[in-house]
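Next come the chains, spelled out residue by residue.
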Protein chains: 2
Amino acid sequence: MSAAAAPRAFARLRERFATLADLYQVDGVLEWDQLTGMPAAAAGLRGNQRATVTRLAHELLASRETGRLLERLDGRLEPGSFEAAFARVARRLHEKAVLVPPRLRAEIAAAESEALVRWEEAKRRSEFAVFLPALERTFELRRRYVERFADATDPYDVLLDDWEEGLTTAELVPLLQQLRDGLVPLLRACADREEDVRPRGRSFPVARQQRLVRELFQLVGLRPGTWATDVGPHAYLVGIGADDVRVAVPYHARTLQAIFLALHEAGHALYENQVAPELARTPLGSGASLGWHESQSRLWENLVGRGLPFWRFFFPRLRAAFPRALAGQRLESFVQEVNLVRPGPIRVAADEVSYTLHVVLRVELERDLLAGALAPSEVPSAWNERMEQYLGVRVESDAEGALQDVHWAAGLVGYFPTYALGNVLAVQLWERLLRDLPELDASLERGDAAPLREWLGRHLHRHGKLFAPRELQARLVGGLDAGPYLRYLRLKHGHGATALGEPSGGRAL
Amino acid sequence: MSAAAAPRAFARLRERFATLADLYQVDGVLEWDQLTGMPAAAAGLRGNQRATVTRLAHELLASRETGRLLERLDGRLEPGSFEAAFARVARRLHEKAVLVPPRLRAEIAAAESEALVRWEEAKRRSEFAVFLPALERTFELRRRYVERFADATDPYDVLLDDWEEGLTTAELVPLLQQLRDGLVPLLRACADREEDVRPRGRSFPVARQQRLVRELFQLVGLRPGTWATDVGPHAYLVGIGADDVRVAVPYHARTLQAIFLALHEAGHALYENQVAPELARTPLGSGASLGWHESQSRLWENLVGRGLPFWRFFFPRLRAAFPRALAGQRLESFVQEVNLVRPGPIRVAADEVSYTLHVVLRVELERDLLAGALAPSEVPSAWNERMEQYLGVRVESDAEGALQDVHWAAGLVGYFPTYALGNVLAVQLWERLLRDLPELDASLERGDAAPLREWLGRHLHRHGKLFAPRELQARLVGGLDAGPYLRYLRLKHGHGATALGEPSGGRAL
């Protein structure tokens, strides 16, 4: 092979991955449409469409030619370069792809499309039985998928690695254990101690909530002309590309939950929005991992969005939008209200202390489902038992229980752990942000999120997948550590003094 | 080749065309999203996405394997069978595809995506210059496209055949001539004679128009759960499949134009909606041609939607929706109003007599643009001159002139003639319908469109592309004939007695 062959091989590899990126983006548009505009009877067509797009992408990724180009580049790219990072991610995708036959991929895509429709119906009717056949099929297909990876230490590792490169069950289990052991007693203490200050019977007209959500997207700083939002059955970002981020938000007139869901999704959207343009149409052109992604959504939702500085700016706007519902309400009591720890059945509506316990429950169940230790039909009872055990919550219906999340319907098995990682990383990052940006609170009080947005862009977002998740952990926060997250929650909820000598990163209410 | 080889080759061909159908459907979703929900800055990404989908479809269609399978089937399929019709359409697509290199296809797709964005901006600003570079590129690419077809008698024939299988410039030109010669004097006579009865300053709140449009879709009988509608910059059907039809409608509070645009698009949508399910994911699974498609939209818009029987049913509903604007208005004067012949600059708002003259103008210009006899920069002046000559209308702005239609931006060159064919065929079909369904008017007066819908489904819609357009003309109306259309208009607008001994298909107001 001549010296010029490596650049030529790289250019050809790059062309293949540009086509792949287009196909993934196309699937993003199909997904967004399915969530927001597609007529119900079109589900069958959509299943075929997505199966075909997925199959074509898979064929390209798994092709011998892609493998040959990667082989020719092996050891010939400068370590630390864009090309080396490109080849790292491309090789990982290729190797996964060759292990999984196209037919299985297509079956999975078609089953997901069907499962989404069943799940929506099941949730609407609050009947787990309507979803059960689709759930059985989902885990049957996941097991066939996992079987292809003969080298895996733990079957669950295969699924974890799909969402969080390099994450293992062996490191996840003790992390979740530490979180569970820290959070269960804290939740109990908070629930006993915090008074439910939420006024009843308020109404927040949805059209005005929608206007405020658009204001929030501008405040967070999504680039003008790159985003769209619509009403969706659940909060969801479809990151089609850096120039095209779509946020679905569900609205209910009784609560302001949409505000926090929107901030959460805006955090995801901003990450995609700020990936460097030169990474577009390469395998590096989106967020580093789901854990890192979730760190961004939780940072905006909780560290910014439940903090006093942000509300000093935004509460007057909120009160102007809902003068009747918020008549006489004071800023401080409002901030107390949105931080109230009050365990309930719904994950996406959960307070910060309960949240990770919802995640622990789901991870335990999906590991058991994958291992065959739990039958899909037993999910509702297992779910409800653990809700009592960890959160002290009695689940009243399947819609508020095992049917609440889209993930298993969308084939997102092994995805939940990244939520716990996100919570942990968000607080680790926030500690660093408070050191690097001493004026952070002051800028948020002015409604100026630019310093925060720019810091995140410079240190994290623009890199896309140039660095592996673990490398980013080392560079940005010195490694994954649940300590700051637990300390932050204890401090914030008035248990800091008993648990720790000094506050670290947290902010007392 | 063994006797069993033909069925095997057909099965393999069928599989390839199923993938192709999925890709075309995917492009339909991308197009719909681009029209209704896509953020503006995403246009670049969308261009790449559609270019990739188009290129993959093209590669599959043009591949040697597709050609080989077609060769193996040659002369081995039973004439008149589903398989023979499949192979007829598949062969035509394949032969066109092999003549056009993938790179040119991709350039055309990317240029269209860009042109759509420029056209929208140009129209918004009413500045033809903003669109000019995109228009130049469009015709440059069309010429390169046409050059590939060395056998064509007339360059324009190549483009005509893309939309209307087998239509030639040689037969089109005299047809349009006949229409122009018949319509110019009729239009002049109507404009002199008909009084402008339209009340001024009425307002029709858009939200209520949107509700009525949904009612109309139900009345026409689009299958529940298969359709969606949204606000769009122009009226447009995206027929993704029989189970997924999307209708974009523009609304303006000052007029009820949206009602007629919606009926028009509903006619298109119903055609796709009623194609036989067994034709799905085959090259036969959509309407026979654009001329036939347009016959359906014009039938619902004009023959149904501007007729007294329909308004006997629908006018009370309209008046209930707009009690203020329509206070004191009588049914008869309303029907007179919506049939008023009053030439204006806008094609989609044109009365029935003016409409085809708009089409003639566009066809003349695009033939000259393709031949290089007219420079794109000269389009506005040529446009405006002919508007005066044929319609007696002075064009005040580019937005109301040469920028009004999306077609050239969307690469739809050679498409306009199908509108004239549609008008002609709609009246020919209506004549037959009045013979076959003597109770047609009575059912429409009851708001019952089922007899009409079922007739159209049985005789036309369900066949998809099983029959070639010319064959359908012979079967359904005994061949293309402009006579009934001209007679119908003369009769309807009070000139029937002078032009013809007896009414034929038309209905005096």
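Residues numbered from 1 in each chain as written. Chains lettered and ligands numbered in written order. Predicted model: local features only at pLDDT ≥ 70, side-chain atom pairs only at ≥ 80, totals over all residues. Heavy atoms only, no water.

Right, let's talk about the overall build of chain A for a bit. Broken down by element type, chain A carries 21 helices and three strands. Relative to the compact-globule value of 23 Å for 509 residues, chain A shows a C-alpha radius of gyration of 23 Å, a close match. The C-alpha extent of chain A, read off along each of the three principal axes, is 75 × 50 × 45 Å. Across the 509 residues that make up chain A, the buried fraction comes to 59%. Put simply, 74% of the contacts in chain A that link residues at least 6 apart link residues at least 24 apart. Accessible surface, chain A as shown: approximately 20100 Å² in total, 49% of it carbon and sulfur. Of the side-chain charges in chain A, 65 are positive and 67 negative, and the distance between the mean point of each set is 3 Å. (Helix = DSSP H or I, 4+ residues; strand = E, 2+ residues; numbered from the N terminus. Rg over C-alpha atoms; globule rule 2.2 N^0.38 Å. Buried < 20%, exposed > 50% of the residue type's maximum accessible area, 1.4 Å probe, protein only. Contact = heavy atoms within 4.5 Å. Areas by Shrake-Rupley, 256 points an atom, 1.4 Å probe, with all protein chains shown as cover. Lys, Arg positive; Asp, Glu negative; His and termini not counted. Charge placed at Lys NZ, Arg CZ, Asp CG, Glu CD.)

This brings us to the pattern of salt bridges. Within this structure, the stated rule accounts for 80 salt bridges over all chains. Across the pair Glu 59 of chain A and Arg 55 of chain A runs a salt bridge, and its minimum N-O distance is 3.1 Å. In this pair, Glu 59 of chain A and Arg 55 of chain A are both assigned in helix α2 (residues 43-62), four residues apart and thus about one turn of the helix distant. The partner of Glu 107 of chain B in a salt bridge is Arg 144 of chain B, with the nearest N and O atoms 3.1 Å apart. Highlighted residues: Glu 107 of chain B in helix α5 (residues 102-125) and Arg 144 of chain B in helix α6 (residues 128-147), separated in sequence by 37 residues. With relative accessibility at 23%, the residue Glu 107 of chain B sits in the partly exposed group. (Salt bridge = Lys/Arg side-chain N within 4 Å of Asp/Glu carboxyl O.)

When chain A is fitted to chain B, the best match, at an RMSD of 0.0 Å, comes from turning it 180 degrees and sliding it 0.0 Å along the axis. Such values leave the two copies arranged in the relation of a two-fold axis. When the interface residues of chain A are mapped onto chain B, 100% of them again fall at the interface, so both copies present the same face. (Least-squares fit on C-alpha atoms with pLDDT ≥ 70 in both.)

Now for unusual backbone geometry. All names here are of chain B. A positive phi angle, close to 50 degrees, is found at Ser 126, a residue other than glycine. Counting through the fold element by element, Ser 126 comes out in the loop between α5 and α6. At Arg 281, a position not held by glycine, the phi torsion is positive, near 60 degrees. Here Arg 281 is to be found in the loop between α10 (257-273) and α11 (290-304). According to the relative accessible area criterion, Arg 281 is partly exposed, its value standing at 27%.

Next up on the list: the packing of helix α2 (residues 43-62) of chain B against helix α4 (residues 82-99) of chain B. Residue and element names in this part refer to chain B. Put simply, α2 and α4 touch, their axes get as near as 8 Å, and they point 110 degrees apart. Classified by the angle between their axes, α2 and α4 sit roughly perpendicular to one another. Both α2 and α4 take part in a crossing whose hand is left-handed. Along the contact surface, α2 presents His 58, Leu 61 and Ala 62, while α4 presents Leu 93, His 94, Ala 97 and Val 98. Across the contact of α2 with α4, the residue classes tally to five nonpolar, two polar and no charged. (Axes fitted to C-alpha atoms, helices over the stretch in contact; angles between N-to-C directions. Parallel < 35°, antiparallel > 145°, perpendicular 65-115°, else oblique. Left-handed = near helix turned anticlockwise from the far one by under 90°. Nonpolar A, V, L, I, M, F, W, Y, C, P; charged D, E, K, R; others polar.)

The next subject is the sheet that holds strand β2 (residues 236-241) of chain A. Residues and elements named next belong to chain A. One open sheet accounts for three strands, arranged β1-β3-β2; its pairing is mixed. One side of each edge strand has no neighbouring strand; the edge strands of this open sheet are β1 (227-231) and β2. Neighbour-to-neighbour, the strand axes of this sheet turn through a mean angle of 15 degrees, independent of strand direction. As defined by bridge partners, β2 adjoins strand β3 (residues 244-249) across five bridges and the pair is classed as antiparallel. Following the sheet pairing, Leu 237 is matched in β3 by Val 247. (Pairing = 2+ DSSP bridges.)

Bringing the packing of aromatic side chains into the picture now. Under the criterion given, the structure shown has 42 aromatic pairs over all chains. Taken together, a centroid distance of 5.3 Å and an interplanar angle of 65 degrees make the contact between Trp 163 of chain A and Tyr 415 of chain A edge-to-face. Linking Trp 163 of chain A in helix α7 (residues 155-163) with Tyr 415 of chain A in the loop between α15 (379-391) and α16 (417-436), this pair joins segments that are 252 residues apart in sequence. A centroid spacing of 5.0 Å and a plane angle of 35 degrees characterise the contact between Phe 315 of chain A and Phe 334 of chain A, whose relative ring orientation is tilted. Here Phe 315 of chain A, found in helix α12 (residues 308-321), pairs with Phe 334 of chain A, found in helix α13 (residues 331-338); they are 19 residues apart in sequence, far enough to count as distant. Here Phe 315 of chain A matches Phe 334 of chain A in class, with each residue buried. The rings of Phe 139, Trp 163, Tyr 355, Trp 383, Trp 408, Tyr 415, Phe 416 and Tyr 419 of chain A are connected pair by pair, giving a single aromatic cluster. For Arg 142 of chain B, the ring lying beneath its charged end belongs to Tyr 145 of chain B, and the centroid distance is 5.6 Å. (Phe/Tyr/Trp six-rings, centres within 6.5 Å; stacked < 30°, edge-to-face > 60°. Lys NZ or Arg CZ within 6 Å of the ring centre and 35° of its normal.)

Right, let's talk about the interface of chain A and chain B for a bit. If you look at the interface, chain A gives 33 residues, while chain B gives 33 residues. In total, chain A and chain B occlude about 2500 Å² of area from one another, counting both sides; carbon and sulfur atoms represent 62% of this. The largest per-residue losses of area from chain A upon contact with chain B belong to Pro 39, Leu 45 and Gln 49 of chain A, which jointly make up 19% of the total buried on that side. One can count four salt bridges joining chain A with chain B. The salt bridge partner of Asp 244 of chain A is Arg 46 of chain B, with a shortest N-O separation of 3.9 Å. Put simply, chain A and chain B have twelve residue pairs in polar contact (both at pLDDT 80 or more) between them. Only α1 (5-36), α2, β1, β2 and β3 of chain A provide two or more residues apiece to the side of chain A that touches chain B. (Buried area = accessible area lost by both parts, 1.4 Å probe. Polar contact = N/O pair within 3.5 Å; in protein donor to acceptor, adjacent residues only side chain to side chain.)

Residues and elements named next belong to chain B. Ordered by their spatial adjacency, three strands build an open sheet running β1-β3-β2, and the pairing between neighbours is mixed. Each edge of the sheet is formed by a strand with only one pairing partner; in this case those strands are β1 (227-231) and β2 (236-241). The sheet shows a mean angle of 15 degrees between the axes of neighbouring strands, taken without regard to direction. Its contacts with the sheet put α10 on β2 and β3 (244-249), and the angle it makes with β3 is roughly 165 degrees.

Regarding helix α3 (residues 64-73) of chain B, the residues found buried are Glu 65, Thr 66, Gly 67, Leu 69, Leu 70 and Leu 73 of chain B. Of the residues one or two after α3 of chain B, Gly 75 of chain B is the one with positive phi, at around 75 degrees.

Now for the confidence of the model for chain A. Residues and elements named next belong to chain A. Per-residue confidence for chain A gives a mean pLDDT of 93; residues scoring 70 or more make up 96%. Considering only residues more than four positions removed or in separate chains, one finds that residues 496-509, a stretch of pLDDT under 50, has 25 contacts. The ipTM assigned to the predicted complex is 0.87, against a pTM of 0.88. (pLDDT = per-residue confidence, 0-100.)

Residues and elements named next belong to chain A. Tracing the backbone shows Thr 282 in the loop between α10 (257-273) and α11 (290-304). At 3.0 Å, the side chain of Thr 282 forms a polar contact with the backbone nitrogen of Leu 284. Look past the residues within four positions of Thr 282 in its chain and what remains in contact with it is Arg 14, Phe 82 and Phe 86.

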